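Each chain is listed here by its residues.
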Amino acid sequence: TSMIIDRLQEAVEDDPLNMQARNLLAELCYLSDRLSLCRSQIEEVLLKYNHQDVRALALLFEVEIKERNYDAAERVLHDCFKHFDRDDPMIHYYRARLYAAQGEYTKALTEAKLLEEAGSKSSVFTLKYTDLTESDWMPQTSVRRLTEHIRALQRAGWELVSADEIPRIIGAGSPPAKNSR
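Caption draft 1: Quick look at the overall build of the chain. If you tally the helices and strands in the chain, you get nine helices and zero strands. Reading the chain from its N end, one meets helices and strands in the order α-α-α-α-α-α-α-α-α. A principal-axis box enclosing the C-alpha atoms of the chain has dimensions of 50 × 50 × 35 Å. Relative to its 181 residues, the chain shows a buried fraction of 28%. Across the chain, every contact between residues at least 6 apart in sequence was considered, and the portion connecting residues at least 24 apart equals 40%. Across the chain, the centroid of the 24 positively charged side chains sits 3 Å from that of the 30 negatively charged ones.

Below, the structure is given as structure tokens:
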């Protein structure tokens, strides 16, 4: 891991605007308990480049929990979700994790139940693939690998639908006309 971290640090020095490398460096530092380097990379991303970087915010939440800075973790959650979908049911997942870390298990279970309820009210499980490549030798997901994932999900009984089909599937009526706003 140390060698990989060193190579990623070099990559970040060579291309400071490469947020994927910077976030990956922070994540590996987190996993190897190099929290000060992890935090410095996260802060660099959030303060210099994109204060709404979801990947960096999620990792900052993890760091705050690991360091038992629960008030700071709560602020990270608030900042993260106020900029995005305030009704995102995943807020319950993160709150449950925060409460469990604090030993507030009743509150954690309440949040878990709220997450489950939200899931039963027309939530749609989504996989997001970005930066697809034709090469299996690139760090991004290859088209071949994506095809394998889709086939595995279908074999497991998952129904795959397009974004246009979601309102019909969850009973929310038909989607707006393509040219409407």
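Caption draft 2: Local environment of the nonpolar core. If you look at the biggest cluster of nonpolar residues, it comprises 32 residues, and the most contacted ones within it are C38, I42 and F61. When residues of this core are traced back to their parent elements, those giving at least two are α1 (2-14), α2 (19-31), α3 (35-49), α4 (54-66), α5 (70-82) and α6 (90-101). Dropping the residues within four chain positions of it, I42 is found in contact with A26, A56, L59, L60 and V63.

Caption draft 3: Local environment of the side chain of R22. Tracing the backbone through its elements, the reader meets R22 in helix α2. Discounting chain neighbours no more than four positions away, the residues touching R22 are V12, P16, Q41, E44, V45 and Y49.

Caption draft 4: Spatial organisation of the packing of α2 against α4. Where α2 contacts α4, the axes come no closer than 10 Å and their chain directions differ by 15°. Considering their axes alone, α2 and α4 lie roughly parallel with respect to each other. For the pair α2 and α4, the sense of crossing is left-handed. Contact residues: Q20, N23, L24, A26, E27 and Y30 in α2; R55, A56, L59, E62, V63 and K66 in α4. Here the contact of α2 with α4 is composed, by residue class, of six nonpolar, two polar and four charged.

Caption draft 5: Structural view of helix α7 (residues 105-120). Its 16 residues place the ends of α7 22 Å apart at the C-alpha level, agreeing with the 22 Å of an ideal helix rising 1.5 Å per residue. At its buried positions, α7 is contacted by α6.

Caption draft 6: Looking closely at the packing of aromatic side chains. For the coordinates displayed, the defined rule picks out two aromatic pairs. An angle of 85° between the planes, with centres 5.4 Å apart, marks the rings of F61 and Y94 as edge-to-face. With a gap of 33 residues between them, F61 in helix α4 and Y94 in helix α6 connect regions that are remote in the sequence. Centre to centre, the rings of Y93 and Y94 are 5.2 Å apart; their planes meet at 70°, and the pair counts as edge-to-face. An aromatic cluster is built from F61, Y93 and Y94, whose rings are joined through pairwise contacts. Positioned above the aromatic ring of Y30, the side-chain terminus of K66 is 4.4 Å from the ring centre.

Conventions used here
Residues numbered from 1 in each chain as written. Predicted model: local features only at pLDDT ≥ 70, side-chain atom pairs only at ≥ 80, totals over all residues. Heavy atoms only, no water. Helix = DSSP H or I, 4+ residues; strand = E, 2+ residues; numbered from the N terminus. Buried < 20%, exposed > 50% of the residue type's maximum accessible area, 1.4 Å probe, protein only. Contact = heavy atoms within 4.5 Å. Lys, Arg positive; Asp, Glu negative; His and termini not counted. Charge placed at Lys NZ, Arg CZ, Asp CG, Glu CD. Core = buried A, V, L, I, M, F, W, Y, C linked by side-chain atoms within 4.5 Å. Axes fitted to C-alpha atoms, helices over the stretch in contact; angles between N-to-C directions. Parallel < 35°, antiparallel > 145°, perpendicular 65-115°, else oblique. Left-handed = near helix turned anticlockwise from the far one by under 90°. Nonpolar A, V, L, I, M, F, W, Y, C, P; charged D, E, K, R; others polar. Expected span 1.5 Å × (residues − 1). Phe/Tyr/Trp six-rings, centres within 6.5 Å; stacked < 30°, edge-to-face > 60°. Lys NZ or Arg CZ within 6 Å of the ring centre and 35° of its normal.

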